[in-house]
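Now for the letters of each chain:
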Amino acid sequence: MRNFKNWLVVVMLISTSVIFAQTKLTGKVVDETNQPLPGATVVLQGTQAGASTDFDGNFTFETSSTNGTILVSFVGYETKSFTFNGNKNFGTIALKPSAESLDEIVITATSFAVDRKTPVAVSTVKADVIENKLGSQEFPEILKSTPGVYATKSGGGFGDGRLNLRGFNSENVAVLINGVPVNDMENGRVYWSNWAGLSDVTSAMQVQRGLGAIKVAVPAIGGTVNILSKTTDIEKGGSINTSVGNDGYQKYGATVSTGLLDNGFAATVSASKTKGDGYIDGTQFEGYNYFVNISKQLGDDHKLSLTSFGAPQRHGQRQNQSLISRYRDAESGIKFNPDWGLRDGNVVNVEDNFYHKSQTSLNHYWTINEKSDLSTALYASWGSGGGGGTAGDASLFQQRIGGDDQPIDIDNIVDINRANGSLGAAAYLRASRNDHSWFGMLSTYKTELNDNLSFVAGLDLRTYVGEHFREVTDLLGADYALGTSDVNNPNKALQVGDKMSYNNDGEVGWQGLFAQLEYDNEDIAGFVSAAYSNTSYRRVDYFQYLDSDPLRETDKYNFAGYMIKGGANYNLSDQHNVFANIGYFEKAPGFDAVFPNFNNEEINDQAENQKIFSAELGYGFRGESFAANVNIYRTEWKDRTLSRSFQNPDGTLGFANLQGVNALHQGIEVDFTYRPNDKFSAYGMLSIGDWAWSNNIENVNILDEDQNVVQTVNLVIDGLKVSDAAQTTAALGFDYEVLDKTNFTVDFNYFADLFASYDPVSRSTAGPQAWEAPDYTTFDMSIRHSFKIGDLDTTLIGRMNNVFDTQYIADARDGAGSIDETVLVWYGFGRTFNISARINF
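Residues numbered from 1 in each chain as written. Predicted model: local features only at pLDDT ≥ 70, side-chain atom pairs only at ≥ 80, totals over all residues. Heavy atoms only, no water.

Counting secondary structure elements, the protein contains 5 helices and 48 strands. In the protein, buried positions account for 56% of the 841 residues. Partitioning the intrachain contacts of the protein with sequence separation of at least 6 by distance along the chain shows that 67% fall at a separation of at least 24. A total accessible area of about 34100 Å² is found for the protein, and carbon and sulfur atoms account for 54% of it. (Helix = DSSP H or I, 4+ residues; strand = E, 2+ residues; numbered from the N terminus. Buried < 20%, exposed > 50% of the residue type's maximum accessible area, 1.4 Å probe, protein only. Contact = heavy atoms within 4.5 Å. Areas by Shrake-Rupley, 256 points an atom, 1.4 Å probe, with all protein chains shown as cover.)

Below, the structure written as structure tokens:
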């Protein structure tokens, strides 16, 4: 019996040691260029156990299984499987790009371009690069080293940055977040202040230049920016982060995830707050960001994911540009801002912006069978807010405390208003509101017809109502302001919050269908795509027409558009490939082209479709340590519609809706990466564009801030260079691991051939070429160090932009031609810095 007991103890000890033994699995995940893939997922097949790679692509996790298979995946890349038997270091695992791997609930999975397959010019920025380079920059500035991209801060307010792609502004660049279009339904613009916190939750951002490969009925002329947010983390945990920077910049936030639970449920929540004084005078800001994702695996074939995010914010703006001489003479130099003042010693933002746009989507992914799947997104977006400005006697806002470069004397306006008494406000502050509600559905079906041929089709439905009005925000000491714009109440004593000047709704409907046939074998990949869309517009005016007037609401006007495009990629060898694409599409005119004079009587129901033809050739090389691309493109645009805003001599704004404009955009782009070892990488690009207007326009109406026609002019712009973006750009940078877990990054950027935007009033006769801003170069640098605090992974990043404090003009508008004394400009930022820390738990 004693021997039996002894053997029983031995067996129990052996069993216990086996049960509690942990198999340790380690490795490093990199992409096709040997760059680390932070955030890649490593999971034990058949279980929920796993890990995510760290900033350098490394992973470590332990499992009670002594043998099995791990699956390694990353959004936009092929999933790889590896077997193990006991402890194992898998070494370096290289993943290849693949649109087919996106079985996450990312509706745009098939919209991500794949290297050496998708025949488009493309650049992809991953989360680690965004974290390393963003600092306190505007989100679009992350892309400034991308060929064909020009990104600036515009007036310099928080979130006021803008992005141009191949000379096309945001109205003509499709921006998608998780595959859902976010361009404004009326004018196509993208307001980056609405997405100021998006960088915190972005897993990857891809720029497809030209026609692009997105499979939605969105006509992208300049290209497509496709942003994929994080979905849910496989591991339980989270992070806290904080950063500080110049001019009182502060940001702090946190992310928490449940991890993927045994019941298939997972949730991730992220939130942050940002505030600061602003680099430009009078541009104080405060913003918040929230992100929530909840997902649930329903069996093997279905998955649901609910995502909601937004970024409410308020910030002061520099809305008006100034003469170069005014900056030179100003006490604050290039930081000078004419659009703020002081009242009782406190800052008053005469021009400001406040907005909250939320986006919520419910995504469903259904694996129908081994060859077919269906992904559907139902989404809703609500927006509320607008931009501030002045009303009444504009000259009172030109009176300053001291010299011409000092703040506006708001106390003086308050004294005048109080003295007016029963006469009401002589001058006051107002806001132009643009609230909206937007609902949509995007559904994509894909099936493999055979080993090489696939068919994709989809439905894109949207409905949108924009509410446009002005409201009184501050009477500046007055008892009331007289409102005369509402025919239903023509002499109203306006109080704060009352509507004024105009009040109308814009209703937009969109129905789109798209289909694509894709071919792919080892050497040749190609596609043919077609899309059809119907855009409808209706306008409701509450001020210009009596409640009983049938003109108060217009009929609905429909405009059909279509697109056909195709392309092919041929892999000449394992290293060389060539591609070409070509396409033609007609895009519905914008809302303002149908209602050009902001009333319900002068309706242009025969507005011409915008017509675009584009073609591109490309070559790629992929070596062991060196990769490069060369692209040549040509885009012809006819019957373009666009809006122009400009500054009048009295400081007020003027507007013009231009129709029938033709333009030609063509150029060449080169980019490369070089990574001779694991510690050093270099990258660069050169982009040379030739973008110009190609016709003149007659009978253009000029409108004032209250949407009244004040004059009609002809525009002589044939041969004038397209403005707002540098037509020649170049970049060179490197990243070097100077010590273990310590990387030093340097970026040079060069900008040339930046032409001023034209003032429509000054171009009524033939004149000189648009004013050209001086060439400039910026130098940025950062250092990143990773270490542990106990068991917590910690990363510190120090970032300095424009290290040499170069003074440069980033935006310009000419007055009477190429004369420096008449050009209105915004200078770019001087030297700025940012220090951030992130602790993962």
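Turning to the environment of His302, a few remarks are in order. Its place among the elements puts His302 in strand 19 (residues 302-310). On the accessibility criterion, His302 (26% relative accessible area) is partly exposed. Taking the C-alpha atoms as reference points, His302 and Trp366, 64 residues apart in sequence, are found 4.7 Å from one another. Reaching out from His302, the side chain makes a polar contact with the side chain of His364 at a distance of 2.9 Å. (Polar contact = N/O pair within 3.5 Å; in protein donor to acceptor, adjacent residues only side chain to side chain.)

Another aspect to go through is the sheet that holds strand 26 (residues 408-409). Hydrogen bonds between backbone atoms are what pair the strands of a sheet, whose relative direction is either parallel or antiparallel. With respect to topology, 3 strands assemble into an open sheet ordered 23-22-26, the strand pairing being mixed. Either end of the sheet is taken by a strand with one partner, and the two such strands are strand 23 (346-349) and strand 26. Pairing of strand 22 (residues 340-343) with strand 23, which is carried by 4 bridges, proceeds in the antiparallel orientation. Across the sheet, the residue bridging to Leu342 is Val347, located in strand 23. Sheet strands touched by helix 4 (residues 410-420): strand 22, strand 23 and strand 26. Its angle to strand 22, the strand with the most contacts, is close to 65 degrees. (Pairing = 2+ DSSP bridges. Axes fitted to C-alpha atoms, helices over the stretch in contact; angles between N-to-C directions.)

In this structure the tally under the stated criterion is 28 aromatic pairs. Ring geometry for Tyr327 and Phe336: centres 6.3 Å apart, planes at 80 degrees, overall edge-to-face. Of the two residues examined, Tyr327 and Phe336, each falls in the buried class. Above the ring of Phe829, the side-chain terminus of Lys153 is found at 4.7 Å from the ring centroid. The aromatic ring of Tyr279 is capped on one face by Lys335, whose charged end is 4.4 Å from the ring centroid. (Phe/Tyr/Trp six-rings, centres within 6.5 Å; stacked < 30°, edge-to-face > 60°. Lys NZ or Arg CZ within 6 Å of the ring centre and 35° of its normal.)

We now examine the confidence of the model for the protein. Looking at the protein as a whole, the pLDDT averages 87, with 89% of positions reaching at least 70. Note that residues 8-20 has pLDDT below 50 and, in this model, 1 contact with residues that lie over four places away or in other chains. Per-residue pLDDT stays below 50 along residues 99-110; that stretch engages in 41 contacts with residues further than four places along the chain or on separate chains. (pLDDT = per-residue confidence, 0-100.)

The nonpolar side chains of a soluble globular protein tend to be buried, and buried together. Counting residues in hydrophobic clusters, the biggest one holds 43 residues, and the most contacted among them are Tyr150, Trp693, Val700, Ile717, Trp771, Ile809 and Val825. Of all the elements in the fold, those that place two or more residues in this core are helix 3 (324-329), strand 37 (653-674), strand 38 (680-693), strand 39 (697-703), strand 40 (709-715), strand 42 (742-754), strand 46 (809-814) and strand 47 (824-827). In terms of residues, this core owes the most to one element, strand 37, which gives 4 residues. The next biggest cluster of nonpolar side chains, apart from the first, holds 34 residues, and it includes Leu163, Trp195, Leu198 and Trp637. (Core = buried A, V, L, I, M, F, W, Y, C linked by side-chain atoms within 4.5 Å.)

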